[in-house]
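Observations on chain architecture
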Amino acid sequence: MIALACDHAAVVLKNTIKEHLGKRGFEVIDFGCFDEKSVDYPDYALIVAEQVAEGKCEKGILICGTGIGMSIAANKVKGIRCAHCADTFSAKATRMHNDANVLALGERVTGVGLALDIVDCFVDTPFSGEERHKRRIDKITEIENKYFK
Ligand code: RB5
């Protein structure tokens, strides 16, 4: 299950991603927003981040104008490794190396064709499982445990 949400700046790309993933056979839950009425991106980042952190959804995708606000907010939730990506190399690498569990995209930055390719890389690429990457992710968790209550 993939949790999906956006703010008012990214409804069109969110709907396109939802349709694309649906056609590919993925189950997607759309947490909004659903129109261009102004909303606050942290509210939507929190919903998706909690779904993933609590194990209700395997991965999350968040979209705002730049992708930056969503990624900053989602990364405040313990257990979330949200990667803001604007290229396919980073999307693959963040799955293989960081085991990223949330992807953030910017509708005002990344064209729809590239955005869908990034989404495909994110959902199709497994974590490498290599010891050095596990060790580094464990160190991220140690930082979380030290600073996030
Ligand atoms: C909304 O205007 C915009 O600030 C938001 O979509 C996002 O880009 C924030 O990081």
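Residues numbered from 1 in each chain as written. Predicted model: local features only at pLDDT ≥ 70, side-chain atom pairs only at ≥ 80, totals over all residues. Heavy atoms only, no water.

Read from one edge of the open sheet, five strands run S2-S1-S3-S5-S4, paired in parallel fashion. Strands at the two margins of the open sheet, each flanked by one partner only, are strand S2 (28-30) and strand S4 (82-84). Put simply, the sheet's adjacent strands are angled 20° from each other on average, direction ignored. Where strand S1 (residues 2-6) and strand S3 (residues 59-64) come together, five bridges link them in parallel fashion. Residue Cys6 lies in a different strand from S3, and its bridge partner there is Ile63. Its contacts with the sheet place helix H1 (residues 11-23) against S1, S2, S3 and strand S5 (102-106), and it is angled at close to 160° to S1. (Pairing = 2+ DSSP bridges. Helix = DSSP H or I, 4+ residues; strand = E, 2+ residues; numbered from the N terminus. Axes fitted to C-alpha atoms, helices over the stretch in contact; angles between N-to-C directions. Contact = heavy atoms within 4.5 Å.)

Another aspect to go through is the packing of H1 against helix H5 (residues 112-124). The geometry of H1 relative to H5 is characterised by a closest axis approach of 11 Å and an angle of 50° between their N-to-C directions. By the angle class used here, H1 and H5 are oblique. Note on packing geometry: the crossing formed by H1 with H5 is right-handed. Contact residues: Leu13, Thr16, Ile17, His20 and Leu21 in H1; Val112, Ala115, Leu116, Val119, Asp120 and Val123 in H5. Class assignment of the residues belonging to the contact of H1 with H5 gives a composition of eight nonpolar, two polar and one charged. (Parallel < 35°, antiparallel > 145°, perpendicular 65-115°, else oblique. Left-handed = near helix turned anticlockwise from the far one by under 90°. Nonpolar A, V, L, I, M, F, W, Y, C, P; charged D, E, K, R; others polar.)

Time to look at the confidence of the model for the chain. Per-residue pLDDT for the chain averages 98, and the proportion of residues at 70 or more is 100%. The least confident element of the chain, judged by mean pLDDT, is helix H6 (residues 131-147) at 97; the most confident is S5 at 99. (pLDDT = per-residue confidence, 0-100.)

This part takes up unusual backbone geometry. Residue Gly32 is joined to Cys33 through a cis peptide bond whose omega torsion reads 0°. Structurally, Cys33 can be placed in the loop between S2 and helix H2 (41-53). Phi is positive for Asp99, close to 50°, though the residue is something other than glycine.

Here we take up the state of the cysteines. One pass over the structure, following the stated rule, counts zero disulfides. The thiol sulfur of Cys57 is not disulfide-bonded, and the nearest other cysteine sulfur, from Cys82, lies at 14 Å. For Cys82, which is in no disulfide, the shortest distance to another cysteine sulfur is to Cys85 and amounts to 8.5 Å. (Disulfide = S-S within 2.5 Å.)

This next bit is on the site of the ligand. Around the ligand, a shell composed of Asp7, His8, Ala9, Tyr41, Cys64, Gly65, Thr66, Gly69 and Arg108 is seen. Gly69 places a main-chain nitrogen or oxygen 2.9 Å from an oxygen atom of the ligand. Tallied by class, residues from the shell around the ligand come to three nonpolar, four polar and two charged. (Near = heavy atom within 4 Å. Polar contact = N/O pair within 3.5 Å; in protein donor to acceptor, adjacent residues only side chain to side chain.)

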